[in-house]
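Observations on chain architecture
Each chain, letter by letter, is given below.
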Amino acid sequence: MFVTGAGDVRMQSSVVAIRLAALRAGRGLSMKAAAEAAGLNTSTIFRIEHGLVAPRESTVRLLLELYGEGEHAPRLISLLRGERAPGWYDAPAVPLGLSELLELEDAARVISTYCPGHVPPLLQTRAYAESAARCALPPGPPGIAAGQAARAVELTARRQQVLDRRHGPHLWAVLGRAALLDQPLPRAEDRLAQLDALALAAGQPRVAVQVARPAAVTGHLYQGPPFTLLRFPDDPPGAGRCDVLVLHLLHGPVVVTDRRHVEEHRHAFARLALAAHPADATPRALDELRLTA
């Protein structure tokens, strides 16, 4: 367990305070309205959000329930308890439901992902990330949608920095043809740019990209949702984490640590990779797709 000193605890309490303030503002609540809904004093909300007092765990849970983020309370509680150090993924601009995945991704040694219907975020162009974000947003005012899409693009770009690190992870992606043919990009030049970006990535020493064969050939190998497997470094001794599985579901990523489920998906990924076109055939496959983009 990560144990912090007094100064670190104050810093982590401040991270929690900033997050709570951002969530309240995002729900359109004033301090007074939030306090009344939660059965607290307005001064309590003020003192918490300005870092004048560390909130109780029960108060954090209460406020997160009010802000519609109750299921993610363990993320902030772990900071309050000093169980982990805050990172860039704890910034208020990062959706709380995505924070755990980004922390795990940031620490991984190997990232193996199966994406039958979309290009994974680590390989998306900015245009693709923006279009995908807009498709996922509920109907609303154009100005708000544009702002949310822009934040999603910047988050994707920040996320991709993990691949640029000197000792960054190895990425192994198996993509379905639908991910390459049915891109959420209306302009042909943007579709071509995404194919070019995949070709460039596939040429990097720590990246392997494979194109799956038609579903009629591989459909019996796996019929679940898209998923990612994360493997972590073994050093230093005793500090490593168990490998985890991430299921990419409609409502967001779900982190699974059950060893049986992890191993089942590891075997499924191996079967999918063996059945896919080999990585050295990817440049040719992308060139063929350029003719139809």
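Look a little higher up for the structure.
Reading the values: the criteria
Residues numbered from 1 in each chain as written. Predicted model: local features only at pLDDT ≥ 70, side-chain atom pairs only at ≥ 80, totals over all residues. Heavy atoms only, no water. Helix = DSSP H or I, 4+ residues; strand = E, 2+ residues; numbered from the N terminus. Rg over C-alpha atoms; globule rule 2.2 N^0.38 Å. Contact = heavy atoms within 4.5 Å. Lys, Arg positive; Asp, Glu negative; His and termini not counted. Charge placed at Lys NZ, Arg CZ, Asp CG, Glu CD. Disulfide = S-S within 2.5 Å. Buried < 20%, exposed > 50% of the residue type's maximum accessible area, 1.4 Å probe, protein only. Arc of directions from axis to C-beta. Phe/Tyr/Trp six-rings, centres within 6.5 Å; stacked < 30°, edge-to-face > 60°. Core = buried A, V, L, I, M, F, W, Y, C linked by side-chain atoms within 4.5 Å. Pairing = 2+ DSSP bridges. Axes fitted to C-alpha atoms, helices over the stretch in contact; angles between N-to-C directions. Salt bridge = Lys/Arg side-chain N within 4 Å of Asp/Glu carboxyl O.

1. Things to note about the overall build of the protein
Scanning the protein from N- to C-terminus turns up 13 helices and 6 strands. The globule rule puts the C-alpha radius of gyration for 293 residues at 19 Å, and the 21 Å found for the protein is close to it. Its C-alpha atoms give the protein principal-axis dimensions of roughly 65 × 50 × 35 Å. In the protein, the share of contacts with a sequence separation of at least 24, taken over all contacts with a separation of at least 6, comes to 68%. Each charge class in the protein was averaged separately, 32 positive and 29 negative side chains, and the resulting centres sit 2 Å apart.

2. Section: the state of the cysteines
Across all of its chains, the model carries 0 disulfides by this definition. C115 carries a free sulfur, and the closest cysteine sulfur to it, the one in C135, is 16 Å from it. Of the residues examined, C115 reaches a relative accessible area of 1% and is grouped as buried.

3. Focus on helix α13 (residues 282-290)
Residues of α13 that are buried include every one of T282, A285, L286 and L289, and no others. Taken around the axis of α13, the buried residues stretch over an arc of 100 degrees, which confines them to a single face. Those residues of α13 hidden inside the fold are in contact with α9 (177-181), α10 (188-202) and β3 (207-211).

4. Topic: the packing of aromatic side chains
Across all of its chains, the model carries 6 aromatic pairs by this definition. Among the aromatic residues, those joined into a ring-pair cluster are Y114, W172, Y222, F227 and F269.

5. A short note on the nonpolar core
Ranked by internal contacts, the top residues of the largest apolar core, which has 36 residues, are L102, L123, L171, L175, L180, L198 and L230. Among the elements of the structure, α6 (96-107), β1 (110-115), β2 (170-175), α9, α10, β3, β5 (244-249) and α13 are those that each provide at least two residues to this core. Considering every element that reaches this core, the biggest residue donor is α6, with 4 residues. Each residue touching L123, except ones within four places of it in the same chain, is listed here: Q160, L171, A173, Q194, L198, A201 and V209.

6. Quick look at the sheet that holds strand β6 (residues 252-256)
Pairing is mixed in the open sheet, where 6 strands are placed in the order β3-β2-β1-β4-β5-β6. The open sheet is flanked by β3 and β6, the only strands paired with a single partner. The sheet shows a mean angle of 15 degrees between the axes of neighbouring strands, taken without regard to direction. Direction of pairing for β1 relative to β2: parallel, over a ladder of 6 bridges. Within β2, the position partnered with V110 by the bridge is H170.

7. Some thoughts on the pattern of salt bridges
Per the counting criterion, the structure on display carries 18 salt bridges. Note that R84 is salt-bridged to D90, the shortest N-O span being 2.9 Å. The pair formed by R84 and D90 is uniform in burial state, with each residue classed as buried. R231 is paired through a salt bridge with D243; the nearest N and O atoms lie 3.1 Å apart. Placement of the pair is R231 in strand β4 (residues 227-231) and D243 in the loop between β4 and β5, with a sequence separation of 12 residues. R231 gets classed as partly exposed once you look at its relative accessible area, which sits at 32%.

8. What to know about the environment of A149
If you trace the backbone, A149 turns up in helix α8 (residues 142-160). A relative accessible area of 0% means that A149 is categorised as buried. The spacing of A149 and E130 is 19 residues in sequence and 5.5 Å in space, taken between C-alpha atoms. The residues touching A149, leaving out its near neighbours within four places in the chain, are E130, A133, R134 and L137.

9. Thoughts on the pairing of β1
The element β1 is extensively covered by neighbouring structure, given that 5 of its 6 residues are classed as buried. Pairing analysis gives 5 bridges linking β1 to β4, with the strands arranged antiparallel. Its bridge partner lying in β4, S112 is registered against L229.

10. Overview of the side chain of T113
Considering the arrangement of structural elements, one finds T113 in strand β1. Ignoring any residue separated from it by four or fewer positions in sequence, one finds T113 in contact with P120, L171, W172, A173, V174, F227, T228 and F269.

11. Side note on the side chain of E49
Structurally, E49 is set in helix α3 (residues 42-49). Owing to a relative accessible area of 12%, E49 belongs among the buried residues under this scheme. Apart from residues no more than four positions distant in its own chain, E49 is found in contact with A17, L20, A21, R24, M31 and Y67.

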